[in-house]
Amino acid sequence: MLFFPLPGTYAVVELDIENTLKPFDDPVAKAEAASLKTAKCLVFLCTVLQLPFPDNATFKYRAYLIGPRIRPEVPDLCVTSEMCMPIYPNTHYPFGDCEPLHTKPQFPFSNCYHWFGAYTQFELRILNDGRDYRAGPCTELPADQHCKMEWARERHTFTSMKIWEAKQSQAAEATAAARICEAEEAAEGPESEASSDMPSSDASPDASPTALPVEEADGDDARSSSSEASFAAAAAAAADDDDNDDDDNDNDDDDDDNDDDDDDDAPCPGCDECQSECSAGYESDEDSEYYEEGPRTSDGFVDDLHAMDIFGIIPNERDLLIPIVKIWLDIGAQFSEDDVPDPLEFVEERNKLIRIVEESMARTRARAKAESSTQSSTQVDESAAECEPAEADNPQAVVRDGSTAPPSEVNEELPRVGLPAKLKAAVGAFLGIR
C-alpha cells in the first residue's frame, strides 16, 4: 500500500476549505470562506517537503502549475511568454526550438505547458485519508525529463533576474539624471544673480584694470601655506620612518638573543620523566579550556541536526497557512482537453484562503493575549489580598519593643503595611522578638 502520492506525479487538486479552517474553530473565518470558489487545477507534485509516515495527518509538497496555454506575460513580475515548456503530445512553442517533455504514460492533453517564472510554484498539503495511491492510473515524469524541466526552469528564472536588473539600472539612471537636472537648476539661480551684480562689459576703455578679488588672493595664500605645511609634514614622517627602521633593526637583534635564551627552556621531547613539567608552560588558554570542558560529544551534533529539521517532522505553526487540497491522480478522467482549467483562478482563490487563515490566526493570538492579561491581573489582585495587614481588624498595632498600643500612639516612622504571618514570625525570630 502506498499511503502518499509519489513526487514526480501529475495531479488535479482542489481547495479543501473545511479541513484547512478546522484547527481554528473560527466562525468569522468560515463565514468569509463561504464565498470562495473551489476551482480545480492541474499541477505537478515536484518535492515532498515532509518525511511521510502512515500516522501523519497531512503530507506537505511543493507543486508546479500546469497551464492549458502559453505562459501569460506579466511585465511587473518580469515574466515573458517564453517562460514555459510544452508537454508531449503538445509540440507548439513559437519562440524557438524547445523539445517537449515526455511523460509516462503519454500525457492525456495536447495543449498543456509547464509554466515558469514568478508565482508558478507553491506549497500544499494533502489530507491523509488512508487511500492507496497505487490503485488507479497516474501520469509520471521520468527522472531524465524532470532534470530537463528543472534546467529550463533555472534558465528562465535567470532571465527574469536579468530583466529585473535591467529595470533597476534604468530606474537608477533616471533618478540620477533627475538629480543632476535639479542640481543644475539650483546652481543657475545664484549664478544669474551674481552676473547681474558684475560690472557691464560696455565700461569705458580708460578704466584701469581691476585687481584680483580679495577672496581669490586669500585662497592662493591658503593653498601655498597648506602646500608648505604638507611638505613639512611629509619630511617629518620620512624622518620618523628612518628612526623606526633603526629601532626595528635593534629589536631584531634583541629578538635573536632572546630566541637563543628561549631554546634553553624548550621542552625536551625525549625525556619521559620531565615531559609533563617541561611542557606545562607551553599549554595555551584555549587548550586548557578544551581539556576542562572536554571534546564535543555526538549528542551535541545530533541536537544541531535535529534543530535543522531537514525532514520537516517538527510541528510548525507556519504549516497552518498552507492550504489543504483534495487530490486526484487520474487526471484524464477529471475533464476533457477543452476544459483544462486556467491555474490563475486556483492561485487567486488560494491566496484569498491564506489571507483568511492569517486573519483568523491573528484573532486567536489577540484572544489568547487578552485572556492572559486578564488572568495575570486576577492573580495580582489575589496576591494583594493575601498580603493585607493582619492587624487590619485589630484596633492596636505593634510597636518596636513588641508591645501594643492604639494606632494613634504608634511611631509614624513604622510602615503601615503588614506582613504575612509566616514572614512576620521569621523576622521576629531574627530580631529576637518573642
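Everything that follows concerns the structure shown earlier in this document.
Draft legend 1. Representation of the pairing of strand β6 (residues 121-127) within the structure. Burial analysis of β6 places 5 of its 7 residues in the buried class, the great majority of the element. Of the strand pairs in this sheet, strand β3 (residues 58-67) and β6 are connected by 7 bridges, and their pairing is antiparallel. Within β6, the residue paired with Tyr61 across the bridge is Leu124.

Draft legend 2. Main features of the environment of Glu349. Within the secondary structure layout, Glu349 lies in helix α8 (residues 343-386). Considered as a pair, Glu349 and Ala33 are 316 residues apart in the sequence and their alpha carbons are 9.8 Å apart. Discounting chain neighbours no more than four positions away, the residues touching Glu349 are Leu15, Leu36 and Lys37. At a separation of 3.3 Å, a polar atom in the side chain of Glu349 contacts the main-chain amide nitrogen of Lys37.

Draft legend 3. Main features of a nonpolar patch on the surface. A contiguous nonpolar patch, built from Leu51, Phe53, Met308, Ile310, Phe311 and Ile313 and spanning about 580 Å² of accessible area, is present on the exposed surface. Along the chain, Leu51 turns up in the loop between β2 (40-48) and β3.

Draft legend 4. Spatial organisation of the environment of Glu359. Mapped onto the fold, Glu359 is located in helix α8. Residue Glu359 is classed as partly exposed on the basis of its relative accessible area, which comes to 29%.

Draft legend 5. Main features of the packing of aromatic side chains. Using the criterion set out here, one finds 10 aromatic pairs in the structure. With centroids separated by 4.9 Å and ring planes inclined at 55°, the aromatic side chains of Tyr10 and Phe44 adopt a geometry described as tilted. Of the two residues, Tyr10 is situated in strand β1 (residues 9-15) and Phe44 in strand β2; the sequence distance between them amounts to 34 residues. For the cation-ring pair, Lys40 lies above Trp328, with the distance from its terminal atom to the ring centre recorded as 4.5 Å. The side chain of Arg153 reaches across the aromatic face of Tyr64, ending 3.6 Å from its centre.

Draft legend 6. Quick peek at unusual backbone geometry. Pro89 follows Tyr88 through a cis peptide bond whose omega is 20°. Note on placement: Pro89 falls in the loop between β4 (84-86) and β5 (113-115). Following Lys104, the chain continues into Pro105 via a peptide bond in cis, with omega recorded as -10°. Locating Pro105 in the fold gives a position in the loop between β4 and β5. Phi at Tyr119 is positive, roughly 60°, even though this residue is not glycine. Looking at the element boundaries, Tyr119 is found in the loop between β5 and β6. Accessibility expressed as a relative area gives 63% for Tyr119, which makes it exposed.

Cut-offs applied
Residues numbered from 1 in each chain as written. Predicted model: local features only at pLDDT ≥ 70, side-chain atom pairs only at ≥ 80, totals over all residues. Heavy atoms only, no water. Buried < 20%, exposed > 50% of the residue type's maximum accessible area, 1.4 Å probe, protein only. Helix = DSSP H or I, 4+ residues; strand = E, 2+ residues; numbered from the N terminus. Pairing = 2+ DSSP bridges. Contact = heavy atoms within 4.5 Å. Polar contact = N/O pair within 3.5 Å; in protein donor to acceptor, adjacent residues only side chain to side chain. Patch = residues over 30% accessible without salt bridge, like charges linked within 9 Å, V, L, I, M, F, W, Y side chains within 5 Å. Areas by Shrake-Rupley, 256 points an atom, 1.4 Å probe, with all protein chains shown as cover. Salt bridge = Lys/Arg side-chain N within 4 Å of Asp/Glu carboxyl O. Phe/Tyr/Trp six-rings, centres within 6.5 Å; stacked < 30°, edge-to-face > 60°. Lys NZ or Arg CZ within 6 Å of the ring centre and 35° of its normal.

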